[in-house]
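Observations on chain architecture
Each chain, letter by letter, is given below.
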Amino acid sequence: MALLVGLAPAATASVVVNDVEPLIVSQDHAWPPFAYRDDNGEPRGLLIDFWQLIGAAMERPVTFALTDWDDSLVQVRDGHAHVHGGLFRSPERETFLDFGVEIFPLRAALFAAADLPALEAADLSGTVVGVTRGGFEEEFLRENHPGLELKTYENNDLLVRAAAGGEIAAFAADYPVGMYLLDRHASPERFRVLEVLYARQLSIAVARGETALLSQINAAITRLDADELSRITQKWMRSESVGKVPDWFWAGLPAGILTLLLGSLILYSRLLKRQVNQHTRRLLEINDALRAERDFSRSVLDASPAFFVALDEHRRIRMMNPAMLEALGYSAEEVIGGDFASLCVSPEEHESLHILLRHMGVSGKPVHRESHVLTRNGEQRLVEWHANSVKGASGRPEFFFAMGLDITERRRAEAQLEHIAHYDPLTGLPNRTLLQARLEHALELARRRDRRVAILFLDLNEFKQVNDRLGHACGDEVLRAVAERLHERVREEDTLARWGGDEFILLVEEVTDTGHIASLARDLLDRLTQPFTLSNGHPVHVGGSIGISLYPDDGDNPDALITRADMAMYQAKEQGRSMYQFYSRTDPQAPVDPHPS
């Protein structure tokens, strides 16, 4: 069935293909990587691919009516489009839209120029902040930060162009959208994430009262293939980050604090030596200035969202700012004078802390590193530290100080994106990308050590009948159960991956005996012949066929080995149910094991 995309809004309502009315999807035309028009005017983006999958599931052509964000809501409300492709739910929008299932998670951030001296949204008072007209960011900022001066733009592209051109120094946008457009129009390093405003789920929406259409679309979404969803997500989403604290903060604040605490004292000493006969009033003025500077320094630290801690030469805590006290769950009275390592550092990192302090004391140079701190309840938080030491008259360090940023959540998000890119979302097994990387590494080791590597390509028998007879939800449950049962037989050093659909690949390293591989294949097939009991109590019987290829006998690169294992699997299918077959170049009906050890 033809799939129509990219028509102008005015033309979409009258297009009919094969007597089936197209599903008209309204969306922002400048919202990359989710939805936008390319240089040829064609719709592109994650949501474009997503709705094409939905159209195929509904057996209905899809037309995209891309326009400015504010107009995209009006199109659905007034009936010029059937459905909005993805937006956040809000009380205002619920007055004219009915919302469907949640489809993708999304965070919005407040971006600020890298040289703008601000640490949070409250610091932007007097600074014009750009937003997209009608976007959820505008609604959120007006409600939660009413003191900000907002300037609206018709779409995200114009918004980021204005920031790149210096028209505004701060703007609010969805994080991947802001990063994508900064990369296109400026440079991500020119802006930093000042504050994450919220993390919510995108939902689909139709005009109020269109419940039948909403139910059809919701049902189609639940039938989407997990592999396809993972593929388009990996295609469009990139893992990018901009530091929340600018370079001038890290470089300038430790030095500034040191100047405030000690610089005036040194100046005072020099003036005193040269002007010992100066009037007492002058000395009092200097003392007052020192006290004011110390008070100012302390107020800066108290207001800072970054961690700050100062230790004496024996690692006892002399100072800890409120941000760090609150994060760790202590009061100042509980920590001042206490041993920093015992209170805040896990035992396995005590030695590295001792080495770090000794290095700073000897070198006198600042240190940048990451380490964990312990909260009062035993939780570990990952902190990015900038640390230095201050030496006394003896030349030995009198105290150490460090400023740090809690990057725990950022690393968790990075790890989650890394997992999505390398693991199958349905079974949790490694995906194609990770398998091929591990196979290349295994072949490199095998060449050096003169060892063999085996590829077992497994395909389930009659799995399509499970999907057709019981539904895709039951089919997915069977795939998860198959993965779990196969994984129980796999060694820790080997890799079981989902290749796609009902196909799995087992990579076996350090092969010394092909008889062991034959025994392993037989054992895997025997495990699959045992019935699976679904959560609804329904028993399901599936079997499998396995094709085997060996390095270096059957190929010396990943593509060749996987292709020949696939060919051997089809040879095994021809022999009957639950059979395995080693790859044979000459005789497809060769014995089961043509590679004696």
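The preceding data block contains the structure.
First, a word on scope: everything that follows refers to the structure included in this document.

The rules behind the values
Residues numbered from 1 in each chain as written. Predicted model: local features only at pLDDT ≥ 70, side-chain atom pairs only at ≥ 80, totals over all residues. Heavy atoms only, no water. Pairing = 2+ DSSP bridges. Helix = DSSP H or I, 4+ residues; strand = E, 2+ residues; numbered from the N terminus. Axes fitted to C-alpha atoms, helices over the stretch in contact; angles between N-to-C directions. Buried < 20%, exposed > 50% of the residue type's maximum accessible area, 1.4 Å probe, protein only. Salt bridge = Lys/Arg side-chain N within 4 Å of Asp/Glu carboxyl O. Phe/Tyr/Trp six-rings, centres within 6.5 Å; stacked < 30°, edge-to-face > 60°. Lys NZ or Arg CZ within 6 Å of the ring centre and 35° of its normal. Contact = heavy atoms within 4.5 Å. Core = buried A, V, L, I, M, F, W, Y, C linked by side-chain atoms within 4.5 Å.

**A word on the sheet that holds strand 22 (residues 543-551)**
Read across the open sheet, the five strands follow the order 18-19-17-22-23; overall the sheet is mixed. The open sheet has two free edges, formed respectively by strand 18 (495-500) and strand 23 (580-582), since each of these has just one partner strand. This sheet shows a mean twist of 20° between the axes of neighbouring strands, independent of strand direction. Inspection of the sheet shows strand 17 (residues 452-461) paired to strand 19 (residues 503-511) by seven bridges, in the antiparallel sense.

**As for the pairing of strand 12 (residues 307-312)**
The side chains of a regular strand alternate, first on one face of the sheet and then on the other. A large share of strand 12 lies buried, amounting to six of its six residues. Covered by surrounding structure in strand 12 are Phe-307, Val-309 and Leu-311 together with Phe-308, Ala-310 and Asp-312, the residues of both alternating faces. With six bridges joining them, strand 12 and strand 16 (residues 397-406) adopt antiparallel strand pairing. Bridging from a neighbouring strand, Leu-311 pairs with Phe-400 of strand 16. Pairing of strand 12 with strand 13 (residues 317-320) involves three bridges; the strand directions are antiparallel. Each bridged residue has a counterpart across the sheet, and for Leu-311 the counterpart in strand 13 is Ile-317. What sits between strand 12 and strand 13 in their antiparallel hairpin is a turn of four residues, with Arg-315 showing a positive phi close to 70°.

**A word on the pattern of salt bridges**
Within this structure, the stated rule accounts for 36 salt bridges. Between Asp-38 and Arg-44 there is a salt bridge, and its shortest N-O distance comes to 3.4 Å. The shortest N-O distance in the salt bridge between Glu-379 and Arg-381 comes to 2.8 Å. Taking relative accessible area as the criterion, Glu-379 reaches 32% and is therefore assigned partly exposed. According to the relative accessible area criterion, Arg-381 is buried, its value standing at 15%. Because the salt bridges share partners, they merge into one network encompassing Glu-379, Arg-381, Asp-406, Glu-409 and Arg-412.

**Side note on the packing of aromatic side chains**
Enumeration over the complete set of coordinates arrives at 16 aromatic pairs. Between the aromatic rings of Phe-171 and Phe-191, the centroid separation amounts to 5.7 Å while the plane-to-plane angle is 65°, which identifies the pairing as edge-to-face. Within this pair, whereas Phe-171 is found in strand 10 (residues 170-174), its partner Phe-191 is found in strand 11 (residues 191-207), the two being separated by 20 residues in sequence. The burial state of Phe-171 is the same as that of Phe-191; both residues are buried. In this structure, Arg-485 is placed above the aromatic ring of Phe-532, and the distance from its NZ or CZ to the ring centre is 3.7 Å.

**What to know about the pairing of strand 17**
The element strand 17 is extensively covered by neighbouring structure, given that 10 of its 10 residues are classed as buried. Relative to strand 22, strand 17 runs antiparallel, the two being bridged by nine bridges. The residue of strand 22 that forms the bridge with Val-453 is Tyr-551.

**Digging into the environment of Tyr-153**
Looking at where Tyr-153 falls in the secondary structure, it is placed in strand 9 (residues 149-153). Distance from Tyr-153 to Asp-68, taken between C-alpha atoms, is 9.7 Å for residues 85 residues apart in sequence. Filtering out sequence-adjacent residues up to four positions away, Tyr-153 remains in contact with Gly-130, Val-131, Thr-132, Arg-133, Leu-158, Leu-159, Ala-162, Glu-167 and Ile-168.

**A look at the side chain of Asn-156**
By secondary structure assignment, the location of Asn-156 is in helix 5 (residues 156-164). Excluding anything up to four places from it in sequence, Asn-156 contacts Asp-28, Ala-30, Trp-31, Thr-132, Ala-173, Val-177 and Leu-181.

**With respect to the nonpolar core**
Phe-50, Trp-51, Phe-171 and Ile-217 are the most contacted members of the largest nonpolar core, which has 81 residues in total. Per-element accounting of this core gives the leading share, 11 residues, to strand 7 (residues 97-113). Once you skip the residues sitting within four places of it in the chain, Phe-171 turns out to touch Ala-109, Leu-110, Phe-111, Val-129, Gly-130, Leu-159, Val-160, Ala-163, Gly-178, Leu-182 and Phe-191. Core analysis: the next-biggest nonpolar cluster, separate from the first, contains 36 residues, Leu-458, Val-466, Cys-474 and Tyr-580 among them.

**Details of unusual backbone geometry**
Residue Pro-32 is joined to Pro-33 through a cis peptide bond whose omega torsion reads 5°. Within the secondary structure, Pro-33 sits in the loop between strand 2 (30-31) and strand 3 (35-37). A cis amide bond links Tyr-551 to the next residue, Pro-552, at an omega of 5°. The phi dihedral of Glu-59 falls on the positive side, at around 55°, and the residue is not glycine. Although it is not a glycine, Glu-510 sits at a positive phi angle of roughly 55°.

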